[in-house]
Amino acid sequence: MFKTKCILKEMQSLFSRYEFRNLVEKYKGDKNVRIFSTWEMNTVLLYSQLTGKSSLRDIEISLRSKSNNWAHMGIKSISRNNLSNSLMKRDYRIFEELFYKLHSKMLKLQFGNKDKRFKIPNKLIAIDSTTIPLCLNLCSWAKFRKEKGGVKVHTLYNVKNQIPDFAIITNASDHDIRAAAKMPFEKDGIYIFDRAYFGVKLFKNINEKGAFFVTRTKTNAKYRIIRKKIIGGTNKIEDIIVDFTDQKKSVYSERLRVVRYYDPLQKKTYEFITNNTSASAEEIAAIYKARWDIELFFKHIKQNLKIRHFYGTSENAVKIQIWTAMISVLLINYIRFISKSFFSTTEIIRIIRENMFCGKTLRELLIPDKYGAKSFKQEIYAVQGYLWN
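Residues numbered from 1 in each chain as written. Predicted model: local features only at pLDDT ≥ 70, side-chain atom pairs only at ≥ 80, totals over all residues. Heavy atoms only, no water.

1. A closer look at helix α4 (residues 56–64)
Turning to step 1, where the next piece is worked out: Buried within α4 we find L56, I59, E60, S62 and L63. Down the axis of α4, the sector holding all buried residues measures 170°, keeping them to one side.
Turning to step 2, where the next piece is worked out: Elements in contact with the buried residues of α4: α3 (38–51), α5 (70–73) and α6 (80–89). (Buried < 20%, exposed > 50% of the residue type's maximum accessible area, 1.4 Å probe, protein only. Helix = DSSP H or I, 4+ residues; strand = E, 2+ residues; numbered from the N terminus. Arc of directions from axis to C-beta. Contact = heavy atoms within 4.5 Å.)

Put into structure tokens, the structure is as follows:
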């Protein structure tokens, strides 16, 4: 029976070592490296994310006190100097592409959550960004305002699967709409965003890709009402077909749909605009409400993973740490999916944090009453064994 003394090793079984080696070779991550390989660096950074280490010294002292577990983790040495140099010199694109390869593998393994809020088959993708403040004196490359520094993480968040599908890291001064122009849009997907992304060029881009958007109208948006249907009810719903009347019409000439929805709790009327004509007005309102999931996601990673205090001050180091946090999110969500655990992702992070070297398997920790000593990795091999390298 497969037995491990390190939960992190079990989690890393989802990584393809072959693909990882190819990424390292592609970006020359291990060129002229004698000790502390990129794989060891990845292991240490994941350990730091999951255990909430706040500094390089914290990481070093913690791991040195657990030197008897290094073999189980797959590391041979650790020092602040090696880790600091690696964060500065190893290309962040190794970890960026590792995120996408892991995401692709999860989808091949039929990862997915059943969202009972929606009956529509379309993918629901929320678009938003979060600003991560940085000390301008230490990170002069990240100038945001006169006395502030920061970066933005622009994200496509899958509402049904509750995981990020895509991300771009930019300077905090970059406007959201500029980052949205670089994002991929899938046919038949429904993209939800707030008024910061309101722009006819983005509407046109999404529409030409065969996708849909749902957002709120701006107060200065001018449009002509072509047809109006009053549905009424508690929410005083109005379903309206419109087109733009100002200079926006020269960029986006297609007809659009405006849905007005009254919220009796907030005592406020919301006005949504979309190019989707098949969903009901109630569904359009519910779809926009689901945009709040991405706000909860940003709150979750800031509270439970290390993306507010950084181990390095270079742009490369900051991006590596953010991408390893995103990788950790995928790992935690996949563990929760495959184990069918009743614990939330926050609870799973806390359980792993306290039991990294406890000698138990993930199954024993996440479903102790049902699975006993059955190995998480052993069961995965039985079902999808050939997908692991």
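2. Re the side chain of D243
Turning to step 1, where the next piece is worked out: For D243, the location among the structural elements is in strand β8 (residues 237–244).
Turning to step 2, where the next piece is worked out: Assessed through its relative accessible area of 6%, D243 is described here as buried.
Turning to step 3, where the next piece is worked out: One polar contact links D243 to K249, side chain to side chain, over a distance of 3.3 Å. (Polar contact = N/O pair within 3.5 Å; in protein donor to acceptor, adjacent residues only side chain to side chain.)

3. Regarding the packing of aromatic side chains
Turning to step 1, where the next piece is worked out: All told, the structure shown has 23 aromatic pairs when counted by the stated rule.
Turning to step 2, where the next piece is worked out: An angle of 85° between the planes, with centres 6.5 Å apart, marks the rings of F203 and Y252 as edge-to-face. Taken together, the residues span a long stretch of sequence, with F203 in helix α9 (residues 200–208) and Y252 in the loop between β8 and β9 (256–263) at a distance of 49 residues. With respect to class, F203 is no different from Y252; both count as buried.
Turning to step 3, where the next piece is worked out: The interplanar angle of 5° and the centroid separation of 6.3 Å between the aromatic rings of Y270 and F272 together place this pair among those described as stacked. By the burial criterion, Y270 is buried, and F272 matches it.
Turning to step 4, where the next piece is worked out: Taken together, the aromatic side chains of F193, Y197, F198, F203, F213 and Y252 make up a single cluster linked through ring pairs. (Phe/Tyr/Trp six-rings, centres within 6.5 Å; stacked < 30°, edge-to-face > 60°.)

4. Things to note about the environment of N333
Turning to step 1, where the next piece is worked out: Note on placement: N333 falls in helix α12 (residues 315–339).
Turning to step 2, where the next piece is worked out: Since its relative accessible area comes to 11%, N333 is described here as buried.
Turning to step 3, where the next piece is worked out: Through-space distance from the C-alpha of N333 to that of N161 is 9.0 Å; in sequence the pair is 172 residues apart.
Turning to step 4, where the next piece is worked out: Leaving out residues up to four positions away in the same chain, N333 has contacts with F111, Q162, I163 and T345.

5. Regarding the packing of α4 against α6
Turning to step 1, where the next piece is worked out: Interaxial distance between α4 and α6 falls to 9 Å at its minimum, and their mutual angle equals 130°. Between α4 and α6, the interaxial angle falls into the category oblique. The interaxial crossing formed by α4 with α6 has right-handed handedness. Touching L56, R57, I59 and E60 of α4 are R80, L83, S84 and L87, all from α6.
Turning to step 2, where the next piece is worked out: For the contact of α4 with α6, the class distribution of residues is four nonpolar, one polar and three charged. (Axes fitted to C-alpha atoms, helices over the stretch in contact; angles between N-to-C directions. Parallel < 35°, antiparallel > 145°, perpendicular 65-115°, else oblique. Left-handed = near helix turned anticlockwise from the far one by under 90°. Nonpolar A, V, L, I, M, F, W, Y, C, P; charged D, E, K, R; others polar.)

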